[in-house]
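Chain by chain, the residues run as shown.
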Amino acid sequence: MDFKSVQQLFPSEDGNKLQQVTFLNYIENLIENIDLLKDPDKSTLGNIQDKNNDFYKEIIENTYTPQSGIGMDKVVQELINLSEGSPYQTRNYVTNSIPVASMAAIIGQLTTALLNSNSLWDVYGPAATEAEVRVISMMSKLVGYDFTKSWGYTTWGGQGAVFNGLRLAIVKQFPHSNEEGIPNNLYCFASENAHYSLLKSVEATGIGSKHLVTVKAGSDHSMDLADLRSKLEEVIQKGGIPVYIAATTGVTDSFGIDDVKAIKEISTELEEKYQLKPIHIHADSAMGGFYSFFREYDFANNPLQFEENVVASLEKINERMQHIHLADSCCFDFHKLGQNPYNASLYLVKNGQDFGLLDLEEFDTPYVGNRGYGSYHTGYTLECSRMGSAVSIYASLLAFGVEGYQQLLANYIRVNLAFREKLVSKIPTIGITNSETIGPITTFRLYASEASWHHEISGQATLQEVETTNRLNNYLFEILGKNREGVFFGDTKKQCLVDVVDSKNRCPIYAAKFFSISPYTTVEHLDHIIDAVEKAISELEEATSEVSI
Ligand SMILES: *Cc1c(COP(=O)(O)O)cnc(C)c1O
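Bear in mind that the values here come from a model prediction, so they are computed numbers and not experimental data. (Residues numbered from 1 in each chain as written. Predicted model: local features only at pLDDT ≥ 70, side-chain atom pairs only at ≥ 80, totals over all residues. Heavy atoms only, no water.)

All right, on to the overall build of the protein chain then. Summing up its helical and strand segments, the protein chain has 16 helices and 14 strands in all. Relative to the globule expectation of 24 Å for 549 residues, the C-alpha radius of gyration of the protein chain, 25 Å, shows essentially globular dimensions. Referenced to the eigenvectors of the C-alpha coordinate spread, the extents of the protein chain come out at roughly 75 × 65 × 55 Å. As displayed, the protein chain has an accessible area near 26,400 Å², and 53% of this comes from carbon and sulfur atoms. (Helix = DSSP H or I, 4+ residues; strand = E, 2+ residues; numbered from the N terminus. Rg over C-alpha atoms; globule rule 2.2 N^0.38 Å. Areas by Shrake-Rupley, 256 points an atom, 1.4 Å probe, with all protein chains shown as cover.)

As structure tokens, this is what we get:
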């Protein structure tokens, strides 16, 4: 391979037509061929590959970097081959919060790639940094932060936001902790239904997982406030220092929404009572925060003319979601309900000045920032270089606008309301296990005879009863999972925990998941989706009857 052909692997230097057309052809070829794999009756592109136990072993043994480049046409063909069997968000894709990226978001991401824009410093990545400032401002206003004080940045997922929030929480109470290390009596609090991001974060910050206090959740899957209060007081009275409360606003599995307003009131009250420094509250709004698009919706006049039951549900979500701005920080995973490609998460903080506590000194950043030229440098992030995902977020916000997102988010509610109704009327042995909450998700559980979710959630079942039903559902997950090429459902082995009559420990609940995330899943397609559940149950019955013989 000579140097000239290496040069030809790049976009042009001068904008010449020939290289432009070559480049566009690669892209066209890729899109055309991925499109050829699409089939709305399936949930995958082409067929799922059967991956036997040796699949990755064979890859590891047989893959080499070619001595000479294989040529772009072949490269594109290899990429098309990789697409085969990939899940794709058709109407039948109802597994989890993994969106199909919108065209705006993809073009945004392409722009970042074409400019190779780094959000670290505006001298190197003016597009990424300007877009970042724009999306911080847009989302601050949307969520109700004072945009003259708030600040933020795009980071590594909702997980990164939980971690960054904790880092800020520690340094706010202990401004010398970055030099001296952290005290060994710090505590964090989150609901038992919270995402495991906080677990990893208390491990990584050195707080220790034994100092993560799990707060019970109620039947609506949100944090039990009395339990929060008593656990906070218990820690304080034993000499512990609460630094961080993660309030999940939109639980990943059930869409329970913690009451940020009440949590703020409780923490303020205890701070006064015990003369404590403010406890940082992070609204883990990674998934559910998008319903903030309804914060200023005129529910009375309903300008987008949503159906009555849809508006009522949206209003109910908004009653809780509108208080996110009381939290010290929050997050928006645009790679979930924002319909962006990975990784696109925006972490926002109420008081941007706090980042000063984390910023590096000029001496520590010899290559970038802190100079006469350039005026935006993010020395307070854990990352050094950051991908300019703000560009694709910016493109999404412009393309959808508030109303576009409202339409999408309302459709998820519409579809879930209808799904629940149809599901329980067609299959009486199924119970909806998140019926008190509504959002893009329905969790459902199969019972051997009669649906008895109420019996379980109210703590009246025995351990054996719950576990037997869990096993039945685990069986159902296997069948649904095997059939996923048709309709792709999700499942969870810890949707929530319930009390049982004969054990002190709370017991996890297994449930199947319908997560409406595709713009193509509408009410008309639900019969087909419910047929798939019925079919799986018949398969299960056949299999278990053979076993019992
Ligand atoms: C998805 C999710 C996370 C983790 O986000 P990533 O973007 O996968 O890192 C954290 N918290 C909640 C509530 C989530 O839904």
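In the region of the ligand, 14 residues are neighbours, and Gly-158, Asp-284, Asp-333, His-335 and Lys-336 sit closest. Between a nitrogen atom of the ligand and a side-chain N or O atom of Asp-284, the distance comes to 2.6 Å. Calculation on the ligand without its partners gives an accessible area of 380 Å², and the protein chains cover 86% of this total. Considering each element in turn, the shell around the ligand owes the most residues, three residues, to helix 7 (residues 157-173). (Near = heavy atom within 4 Å. Polar contact = N/O pair within 3.5 Å; in protein donor to acceptor, adjacent residues only side chain to side chain.)

Overall, the coordinates contain 27 aromatic pairs when judged by the stated rule. Ring geometry for Phe-290 and Phe-293: centres 6.4 Å apart, planes at 25°, overall stacked. There is no split in this pair, since Phe-290 and Phe-293 are both buried. Directly above the aromatic system of Phe-147 lies the positively charged group of Lys-141, at a separation of 4.5 Å from the ring centroid. (Phe/Tyr/Trp six-rings, centres within 6.5 Å; stacked < 30°, edge-to-face > 60°. Buried < 20%, exposed > 50% of the residue type's maximum accessible area, 1.4 Å probe, protein only. Lys NZ or Arg CZ within 6 Å of the ring centre and 35° of its normal.)

With that settled, consider the domain arrangement of the protein chain. Per the domain assignment, the segments of the protein chain are domain 1 (3-88) and domain 2 (89-100 + 145-386 + 409-549). Look at where the C-alpha atoms of domain 1 and domain 2 centre, and you get two points 35 Å apart. Counting residues at the interface gives 10 residues for domain 1, matched by 10 residues for domain 2. Both faces combined, the contact of domain 1 with domain 2 buries some 970 Å², and carbon together with sulfur accounts for 53% of it. (Domains from an automatic or database assignment. Contact = heavy atoms within 4.5 Å. Buried area = accessible area lost by both parts, 1.4 Å probe.)

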